[in-house]
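Inside the fold
Spelled out from the first residue to the last, the chains are:
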Amino acid sequence: MELTLREITPADQNAVAKLIRAAFASPPTNENWTEEHAREMLLEWMHFAGFLGYVALEGPTIVGVLIGRLERWEAKRFFHLKELCVWPERQHTGIGSALLGHLERQLQQRNVAKLYVQTTRESTAHGFYRSCGFVTTEQLIVLSKPIPPGKNSSNGAVTNGTANGFATPLPAATARS
Ligand SMILES: CC(C)(COP(=O)(O)OP(=O)(O)OC[C@H]1O[C@@H](n2cnc3c(N)ncnc32)[C@H](O)[C@@H]1OP(=O)(O)O)[C@@H](O)C(=O)NCCC(=O)NCCS
């Protein structure tokens with residue numbers, strides 16, 4: 001079936017939430033996304049300045065999604081690729097590389113200097129990204145620090161105009177970040 005690529009819209013949120021849940025539930029990621037949490041993460045990212053996102057469709061069905069944001073770095077701009085995933089039954093049929101190719105053409109038009117992504121070493125995505133021309137950045141490391149739960153801790157959702165004082169939501173750290 002013919003593949004079409006277009007910009008993501010808020011109306012895609014339910015279909016994309018289902019896709020994220022399904023794509024990351026299998027080994028080796030085994031992540032426990034609910035559709036509600038996937039939708040929340042997606043909407044957080046869609047509110048960021050510099051957000052770009054695309055969906056891949058076969059007929060009316062969304063089979064792949066890519067989201068991320070443009071970031072200023074000195075005189076240049078980089079693109080932080082946050083999530084790329086394909087419906088499990090449609091993986092290894094060229095959809096991921098079609099979405100990535102589409103993104104790269106958009107970034108070229110916007111004079112973006114570099115595209116980066118974080119993923120786990122053992123993930124299947126590691127091989128995919130290498131085959132698409134990504135290289136491991138040896139001089140960078142990712143550090144993380146667990147925050148113990150506070151007395152009145154909530155589920156961590158941060159929405160517009162809440163206690164953090166920011167107009168837009170803060171990014172959620174993930175197990176892959
Ligand atoms: C990773 C993912 C996005 C790749 O998308 P895809 O549509 O399955 O990949 P493509 O069919 O476009 O593959 C393109 C090329 O990448 C390489 N590739 C794909 N999957 C690979 C894997 N698991 N290991 C090594 N190379 C791989 C192959 O060279 C492939 O070309 P070929 O089919 O001619 O051999 C998809 O498999 C996915 O959604 N995985 C689960 C979610 C995930 O891990 N996302 C990334 C998190 S950052």
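Calculation notes
Along each chain, numbering runs from 1 in the same order as the chain's sequence is written. The model is predicted, so local features are restricted to residues of pLDDT at least 70 and side-chain atom pairs to those at 80 or more, both for listing and for counting; the totals for chains, interfaces and linings are taken over all residues. For this entry, the nonpolar core is defined as buried Ala, Val, Leu, Ile, Met, Phe, Trp, Tyr and Cys residues connected by C-beta atoms within 7 Å. Each residue is classified by how many other C-beta atoms fall within 10 Å of its C-beta atom, where C-beta atoms are placed from the backbone; a count of 20 or more means buried, 12 or fewer means exposed, and values in between mean partly exposed. To qualify as a helix, a DSSP run of H or I must reach at least 4 residues; to qualify as a strand, a run of E must reach at least 2; elements of each kind are numbered from the N terminus. Residue pairs qualify as contacts under a 7 Å threshold applied to their C-beta atoms, which are placed from the backbone. All residues are tested the same way: a C-beta atom is placed from the backbone, and lying within 6 Å of a molecule or strand makes the residue near it. Residues were grouped as follows: Ala, Val, Leu, Ile, Met, Phe, Trp, Tyr, Cys and Pro as nonpolar; Asp, Glu, Lys and Arg as charged; and all remaining residues, including Gly, as polar. In this analysis, strands are considered paired if DSSP registers two or more bridges between them. Looking down the strands as they point away from you, a crossover is right-handed if its path from the first strand over the helix to the second goes clockwise.

Next up on the list: the nonpolar core. Of all hydrophobic cores here, the largest spans 28 residues; its most connected members are V16, I20, L42, V65, L66, C85 and L99. For this core, the secondary structure elements donating two or more residues are α1 (13-25), α2 (35-47), β2 (51-58), β3 (61-73), β4 (76-86) and α3 (95-109). No other element matches the six residues that α1 contributes to this core. With residues up to four places along the chain from it excluded, the contact list for V16 reads I8, L42, V55, I62 and V65.

The step from P27 to P28 runs through a cis peptide bond, and the omega angle for that step is 0°. The residue E74 is not glycine, and still its phi comes out positive at about 50°. Along the polypeptide, E74 turns up in the loop between β3 and β4. Classification of E74 by C-beta neighbours within 10 Å gives exposed; the count is 7. Of note, H92 is a non-glycine position whose phi angle comes to about 65°, a positive value. Tracing the backbone through its elements, the reader meets H92 in the loop between β4 and α3. On the basis of neighbour count, H92 is assigned to the exposed category, with 9 C-beta atoms found within 10 Å.

Here we come to the site of the ligand. Around the ligand, the structure places 21 residues, and the nearest of them are Q91, G96, S97, T124 and G127. Of all the elements in the fold, those that place two or more residues in the shell around the ligand are α1, β4, α3 and α4 (124-131). Residue contributions to the shell around the ligand peak at five residues, all from α4. Counted by class, the shell around the ligand contains nine nonpolar, 12 polar and no charged residues.

This part takes up the pairing of strand β5 (residues 114-117). Bridge count between β4 and β5: four bridges; the pairing is parallel. Of the residues in β5, the one forming a bridge with F79 is L115. Regarding the hand of the β-α-β motif, the stretch spanning β4, α3 and β5 is right-handed.

Structural measurements only, silent on function.
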